[in-house]
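Each chain is listed here by its residues.
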Amino acid sequence: MPARISFQDQISRNKLKSFFLILIVFVVLLGLGYVIGFAMGPDYFVIIMIFTIIISLSYILISYYNSDKIALASVSAKPADRRQYPQFYNSVEGLTLASGMSMPKLYIMENSQINAFASGRNPEHSVICVTTGALDKLNKNELEGVLGHELSHIANFDIRFMTFVAVMVGMIAIISQIFLRSLWFRGGSRDDSKGNAIFMLIGIILAILAPVVVQLVQFAISRKREYVADASAVMFIRSPTGLINALKKIKSEHIDENPRISKAIAPLFISNPFKNIQNLTSTHPPLEERIKILERM
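Computed from a predicted structure; not experimentally measured.

Caption draft 1: Spotlight on the pattern of salt bridges. If you walk through the whole model with that rule in mind, you get ten salt bridges. For Asp81, the salt bridge is made with Arg83, and the minimal N-O distance between the two is 3.5 Å. A salt bridge links Glu144 to Lys140; the nearest nitrogen and oxygen atoms lie 3.0 Å apart. Highlighted residues: Glu144 and Lys140, both in helix 5 (residues 140-155), separated by four residues, approximately one helical turn. Taking relative accessible area as the criterion, Lys140 reaches 45% and is therefore assigned partly exposed. What emerges from the salt-bridge pattern is a single network uniting Glu226, Asp230 and Arg290.

So this is what it looks like as structure tokens:
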């Protein structure tokens, strides 16, 4: 029989892995900057960095302060009526009281799949949105398991964390594009010494590969945060049973090929709303693996 897993250990291990993956993105950013700066000169690289920082800061401010509004608008979510969905409100209120968290705003989206997502820049400005399918198909314990998972994302500041990762990944992509496009305008003005040519070649290779590598790392971080949220949900509810049964129901239901959900917000959901083909670009870990880990807690 497999050894039991402590949810505290599971949370700690996955948080450590997430920060290690962020470190990889940061190292790639530094390495790319160093090579480009050496190949093209520090003055030119400073100009690239100024443009990159301006664009990235604009992106992060818009995304950070409007993440909940953007996500809700993209799925046409509506505020949940307490009289129509009393169990939804009662479950969230019970979990927030037990955990000492602020009460998030609750929303409903019309979709027959069992799914849910959380968004917002911090616990005081957060939302939880569930599908009508989740409310129709899940019993009280299963719904609490799903809501515990989403509250965990809020408690762990996952939206802030993933926005930070997205900005770092975006910076690498922008620097790479500016560098590659600038080569067309430098022509014979660049230094053709052997040493500089080698660094220029390394810079070109890094500029092509770095955005791909860090995006794969971003997907890996997203998968790790799902494991953290599962384990944190067990900590909130003190039982994995509800979440296990909810994930089993999600696994057994038919996936709509066109769920009318933007792929940009798919990582927010408790389960990938699209056909869940597991590879390096998956934003969610396999449901079977999540269930297997929860059953050992």
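Still to come is the rest of the account.
Caption draft 2: Spatial organisation of the packing of helix 8 (residues 241-252) against helix 9 (residues 287-295). Where helix 8 contacts helix 9, the two axes come as close as 10 Å, and the packing angle between them is 160°. Judged by the angle between their axes, helix 8 and helix 9 are roughly antiparallel. The two elements helix 8 and helix 9 meet at a crossing, and its hand is left-handed. Residues Leu243, Ile244, Leu247, Lys248, Ile250 and Lys251 of helix 8 form the contact with helix 9, whose own contacting residues are Leu287, Glu288, Arg290, Ile291, Leu294 and Glu295. Within the contact of helix 8 with helix 9, the residues separate by chemical class into seven nonpolar, no polar and five charged.

Caption draft 3: Geometry of a nonpolar patch on the surface. Side chains of Phe20, Leu23, Phe26, Val27 and Leu30 sit close together on the surface and give an oily, nonpolar patch of about 490 Å² of accessible area. Inspection of the secondary structure puts Leu23 in helix 1 (residues 7-40). Relative accessible area serves as the criterion here: at 46%, Leu23 is assigned to the partly exposed category.

Caption draft 4: Molecular detail of helix 9. Here helix 9 has its buried residues at Leu287, Arg290, Ile291, Ile293 and Leu294. What you see down the axis of helix 9 is that its buried residues fit within an arc of 165°, all on one side.

Caption draft 5: Inspection of the pairing of strand 4 (residues 125-131) at higher detail. Counting buried positions along strand 4 yields six of seven residues, so the element is predominantly enclosed. Of the pairings in the sheet, the one linking strand 2 (residues 105-109) to strand 4 comprises five bridges and is parallel in character. The partner of Tyr107 across the bridge, within strand 4, is Cys129. Here strand 3 (residues 116-122) runs beside strand 4; their pairing, made up of six bridges, is antiparallel. Note on strand 4: the bridge partner recorded for Gly120 is Ser126. As consecutive antiparallel partners, strand 3 and strand 4 are separated by two residues.

Caption draft 6: Region of interest: unusual backbone geometry. Residue Phe157 is not a glycine yet carries a positive backbone phi of 55°. Within the secondary structure, Phe157 is located in the loop between helix 5 and helix 6 (158-186).

Caption draft 7: Focus on the packing of aromatic side chains. Scanning the model with the defined rule gives two aromatic pairs in all. Between Phe88 and Tyr89 the ring centres are 6.3 Å apart and the planes differ by 55°, which places this aromatic pair in the tilted class. Owing to a relative accessible area of 0%, Phe88 belongs among the buried residues under this scheme. Classification of Tyr89 as buried rests on a relative accessible area of 14%. Aromatic pair Phe117 and Phe269: ring centres 5.0 Å apart, planes at 65°, arrangement edge-to-face. Taken together, the residues Phe117 in strand 3 and Phe269 in the loop between helix 8 and helix 9 connect sequence positions 152 residues apart. The exposure class assigned to Phe117 is buried, which follows from its relative accessible area of 0%.

Rules behind the numbers
Residues numbered from 1 in each chain as written. Predicted model: local features only at pLDDT ≥ 70, side-chain atom pairs only at ≥ 80, totals over all residues. Heavy atoms only, no water. Salt bridge = Lys/Arg side-chain N within 4 Å of Asp/Glu carboxyl O. Helix = DSSP H or I, 4+ residues; strand = E, 2+ residues; numbered from the N terminus. Buried < 20%, exposed > 50% of the residue type's maximum accessible area, 1.4 Å probe, protein only. Axes fitted to C-alpha atoms, helices over the stretch in contact; angles between N-to-C directions. Parallel < 35°, antiparallel > 145°, perpendicular 65-115°, else oblique. Left-handed = near helix turned anticlockwise from the far one by under 90°. Contact = heavy atoms within 4.5 Å. Nonpolar A, V, L, I, M, F, W, Y, C, P; charged D, E, K, R; others polar. Patch = residues over 30% accessible without salt bridge, like charges linked within 9 Å, V, L, I, M, F, W, Y side chains within 5 Å. Areas by Shrake-Rupley, 256 points an atom, 1.4 Å probe, with all protein chains shown as cover. Arc of directions from axis to C-beta. Pairing = 2+ DSSP bridges. Phe/Tyr/Trp six-rings, centres within 6.5 Å; stacked < 30°, edge-to-face > 60°.

Just geometry here; none of it tells us what the structure is for.
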